[in-house]
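Residues per chain are reported as follows:
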Amino acid sequence: MKKYNYENLYFFNDNQTGIKGVICVHDTTLGPATGGCRMWTYATEWDAIEDALRLGRGMTYKYAAAGVDLGGGKAVIIADPKKDKSEALFRSFGRFLNRLNGLYITGQDVGTTLRDMETIRSETPYVVTLPRELGGAGPISPSTALGVFQSIKACVKEQYNTDQLKDIRVAVQGVGSVGYHLVKYLTEAGANVTIADIDTKRTKELVEKFGVRVESTETIHSLDVEVFSPCALGKVINDQTIPEFKCKVVAGSANNQLADEKHGDYLNELGILYAPDYIANAGGTIYDTDRLKPGGFNEARAINHVERIYETMTDIIAISKEEHIPTYKAADVFAERRIESVGRAKYLQKDIVNNMK
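Residues numbered from 1 in each chain as written. Predicted model: local features only at pLDDT ≥ 70, side-chain atom pairs only at ≥ 80, totals over all residues. Heavy atoms only, no water.

> Can you walk me through the side chain of Ser 222 in this structure?
Positionally, Ser 222 belongs in the loop between β8 (213–214) and β9 (227–230). Relative accessible area serves as the criterion here: at 18%, Ser 222 is assigned to the buried category. (Helix = DSSP H or I, 4+ residues; strand = E, 2+ residues; numbered from the N terminus. Buried < 20%, exposed > 50% of the residue type's maximum accessible area, 1.4 Å probe, protein only.)

Right, dumping it as structure tokens:
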């Protein structure tokens, strides 16, 4: 916590419902800590703590880079989402969350659903991911895909001097909720798309609907294409896959795409432009958190903000070139500069107020 300047780490437990877990508050310079509520079976409690810390810090950078006035946080419930869910459990979590009085705002994440968020919302107002009928943005996968689409356009512009994707070859690894919508955007733009997914029923559906080609999940990353878009598991950029890349752009929605930071350095050395994952996949977060702005959720405003990911990615590329650093480092610099500048402004404002008293 000291190394990465975390603010708070909270543990919660309720013997009656069986719930236990942890909430991480990394940084609240830009606003209240916000991030999803993950429900997962961890081997040890320490694994859960480490996951919350890592993910919470990641949310700080995601919000900062996306221009969203929120800080980073994460909640982790240590339980099996397939067996342990109950109304009582989520209401118990909501009551604990409410005690923090808005310091942390939760949302949907791995292992939780919109229905779970509704249950939590019955005990606390500090829930961001909600269905439309409760004032939320509803499903966010299309906007996550739109953000990835904008990142691809920005990277293609840099590498090929055009942001038009007609006839640009794109290999999409994983066509779940986000991958499906990304394929839709890409094919509508005239891109030449190849997909891979372990769900053969899903791939058949996309072939029939969008006319894409299907490749093996084992070889999708090694195709001779302009863009490789990982939208499934993390750590797909590693010692084994990098020598097999034939693309010039890597931009997808998967989290933690780099197996290690050194792999971001390797991509840079090879002239492969990498769209940092927390930049490319920020669209859903931007769209979802729009409801926290004055007046509540505004779809046109939210979509407009998502589309600005193109500008953000362009700025990060510029920093990478100016400072001779890989894009994954440039993204951190971009986010840290915003946190620092807003932090200075807040302290200055506080000093002015104190001097007036």
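> Before we go on, may I ask you to explain the sheet that holds β8 in this structure?
The pairing of strands in a sheet happens through backbone hydrogen bonds and is either parallel or antiparallel. Here six strands make up an open sheet; going across it, the order is β8-β7-β6-β9-β10-β11 and the pairing parallel. In this open sheet, the two edge strands, each paired with only one partner strand, are β8 and β11 (273–274). In this sheet, β11 lies alongside strand β10 (residues 249–250) in parallel orientation, the contact comprising two bridges. Across the sheet, the residue bridging to Val 250 is Tyr 274, located in β11. The sheet contacts of helix α4 (residues 141–160) involve β9, β10 and β11, and relative to β9 the element is tilted by about 155°. (Pairing = 2+ DSSP bridges. Contact = heavy atoms within 4.5 Å. Axes fitted to C-alpha atoms, helices over the stretch in contact; angles between N-to-C directions.)

> Can you walk me through the nonpolar core in this structure?
Counting 62 residues, the largest nonpolar core has Ile 152, Val 172, Leu 182, Val 183 and Leu 186 as its most contacted members. The biggest single contributor to this core is α4, with eight residues. If sequence neighbours within four positions are ignored, Val 172 has contacts with Leu 182, Val 183, Leu 186, Val 193, Thr 194, Ile 195, Ala 196, Ile 220, Ser 229 and Cys 231. The next biggest cluster of nonpolar side chains, apart from the first, holds 21 residues, and it includes Ile 19, Ile 77, Leu 89 and Val 127. (Core = buried A, V, L, I, M, F, W, Y, C linked by side-chain atoms within 4.5 Å.)

> I keep staring at the sheet that holds strand β2 (residues 19–27) and nothing clicks. Help me out?
Strands sit in the order β1-β2-β4-β3-β5 across an open sheet of five strands; the sheet is mixed. Either end of the sheet is taken by a strand with one partner, and the two such strands are β1 (8–14) and β5 (104–108). Between one strand axis and the next, the sheet turns by 25° as a mean value, whatever way the strands run. As paired elements, β2 and strand β4 (residues 71–78) share six bridges and run antiparallel to each other. Bridge pairing links Cys 24 to Lys 74 in β4.

Function cannot be inferred from these measures alone, as they are strictly geometric.
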